[in-house]
Amino acid sequence: MPPQASLSQVGKMACRCTACHLYKRGTQTVFGEGAAPAPLMLVGEQPGNEEDLKGHPFVGPAGKVLDKALAMAGLQRSDVFMTNAVKHFKWEPRGKTRLHKKPNSKEVQACHPWLEAEVERVNPRLIIALGATAGTAVLGRVPRIGAERGKIQKGKWFEAAVLVTWHPSVILRSRTHEEREQRLKELSVDIQLALRHSRKLKPSSSPKRETPR
Ligand code: SF4
């Protein structure tokens with residue numbers, strides 16, 4: 001990838017990516033969007049059904065939850081950069097619906113260069129990893145969301161600080177209304193903490209630390 005390529009040029013290159021088999025299944029590459037540079041970058045797992053059809057990240061039901069959590073934290077999506085660890089929708093047919101399928105470690109690794117390219121160009125001071133797949137892609141190990149949620153950490157691959165929290169789709173899958181409200185509040189509190197912490201940090205002159213092999 002040419003180091004001088006802009007974020008939008010990298011996004012166009014990602015649209016032609018065939019580095020793993022997921023390009024055959026998804027409608028299109030869903031590259032990151034938002035402020036660039038930005039102090040905060042939010043990383044999810046992969047585009048969902050609506051994101052796949054529309055070509056934009058976090059525009060489905062989980063995106064609405066995320067918008068709500070951002071608003072509760074005093075932010076709008078235009079204040080941050082949003083992307084996913086994997087840029088194509090992985091799914092399997094279930095009747096007439098396309099059922100979300102979690103990407104495996106090979107697919108996450110195949111897509112990592114695009115995440116690296118985004119981090120290098122957005123240069124966030126802090127990355128919010130939404131859920132375990134994003135946490136793995138950013139930290140370089142599988143996080144335990146229950147135990148690690150809401151803590152400021154250092155990841156393996158990037159200079160930015162990392163905070164792991166709920167993926168909004170987990171909030172949607174809550175068993176009760178109370179659980180849903182509690183998790184939404186926790187997500188919003190985590191975003192607020194990340195915002196406060198990011199304000200104390202300086203942008204890095206070299207955002208990428210190491211490349212996964
Ligand atoms: S999921 Fe990522 S690595 Fe795989 S084809 Fe899509 S853009 Fe390329």
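This one's a predicted model, so the numbers in the text were calculated from it and none came from an experiment. (Residues numbered from 1 in each chain as written. Predicted model: local features only at pLDDT ≥ 70, side-chain atom pairs only at ≥ 80, totals over all residues.)

1. Points about the overall build of the protein chain
Inference 1: Helices and strands together make up the secondary structure of the protein chain, namely 8 helices and 8 strands.
Inference 2: In terms of overall dimensions, the protein chain is globule-like: its C-alpha atoms have a radius of gyration of 16 Å, near the 17 Å expected for 213 residues.
Inference 3: Counting only C-alpha atoms and orienting by the principal axes, one finds that the protein chain spans roughly 50 × 40 × 30 Å.
Inference 4: Counting every position in the protein chain, which comprises 213 residues, the buried fraction comes to 44%.
Inference 5: A fraction of 72% describes how many contacts in the protein chain between residues 6 or more apart in sequence connect residues 24 or more apart. (Helix = DSSP H or I, 4+ residues; strand = E, 2+ residues; numbered from the N terminus. Rg over C-alpha atoms; globule rule 2.2 N^0.38 Å. Buried ≥ 20, exposed ≤ 12 C-beta atoms within 10 Å, placed from the backbone. Contact = placed C-beta atoms within 7 Å.)

2. Focus on the site of the ligand
Inference 1: The local shell around the ligand holds 15 residues, among which C17, C20, Y23, H88 and C111 are the closest.
Inference 2: Looking at the shell around the ligand element by element, the count peaks at 4 residues for helix α4 (residues 105-122).
Inference 3: Along the lines of polarity and charge, the residues of the shell around the ligand split into 10 nonpolar, 3 polar and 2 charged. (Near = placed C-beta within 6 Å. Nonpolar A, V, L, I, M, F, W, Y, C, P; charged D, E, K, R; others polar.)

3. A few points about unusual backbone geometry
Inference 1: In the segment running from A36 into P37, the intervening peptide bond is cis, with an omega of 0 degrees.
Inference 2: Relative to the helices and strands, P37 resides in the loop between β1 (33-34) and β2 (40-44).
Inference 3: Backbone geometry at F58 places phi at a positive 55 degrees, although glycine is not the residue there.
Inference 4: On the secondary structure map, F58 appears in the loop between α2 (49-54) and α3 (61-72).
Inference 5: A positive phi is found at N123, a non-glycine position, where the angle reads about 50 degrees.

4. Side note on helix α8 (residues 177-200)
Inference 1: Between the first and last C-alpha of α8 there are 35 Å, a value that for 24 residues agrees with the 34 Å anticipated at 1.5 Å per step.
Inference 2: Of the surrounding elements, those touching the buried residues of α8 are β2, α3, β6 (126-130), β8 (161-165) and α7 (168-172). (Expected span 1.5 Å × (residues − 1).)

5. Observations regarding the packing of α4 against helix α5 (residues 132-139)
For any two helices packed against each other, the geometry is given by the interaxial angle and the distance between the axes.
Inference 1: Across the interface, α4 lies against α5 with an axial gap of 11 Å and an inter-helix angle of 65 degrees. Of the possible angle classes, the one that applies to α4 and α5 is roughly perpendicular. At the point where α4 passes α5, the crossing takes the right-handed sense. Where α4 abuts α5, its residues V108, H112 and L115 lie against T133, T136 and A137.
Inference 2: Of the residues in the contact of α4 with α5, the class split is 3 nonpolar, 3 polar and no charged. (Axes fitted to C-alpha atoms, helices over the stretch in contact; angles between N-to-C directions. Parallel < 35°, antiparallel > 145°, perpendicular 65-115°, else oblique. Left-handed = near helix turned anticlockwise from the far one by under 90°.)

6. What about the sheet that holds strand β7 (residues 152-154)?
Inference 1: With mixed pairing, 6 strands are arranged side by side in an open sheet as β1-β3-β2-β6-β8-β7. At either end of the open sheet lies a strand with only one pairing partner, and these are β1 and β7.
Inference 2: In this sheet, β6 lies alongside β2 in parallel orientation, the contact comprising 4 bridges. Of the residues in β6, the one forming a bridge with L40 is L126.
Inference 3: On the sheet, α5 packs against β2, β6, β7 and β8 and is oriented at approximately 145 degrees with respect to β6.
Inference 4: On top of the sheet, α8 reaches β2, β6, β7 and β8; it is set at about 175 degrees to β8, its chief contact. (Pairing = 2+ DSSP bridges.)

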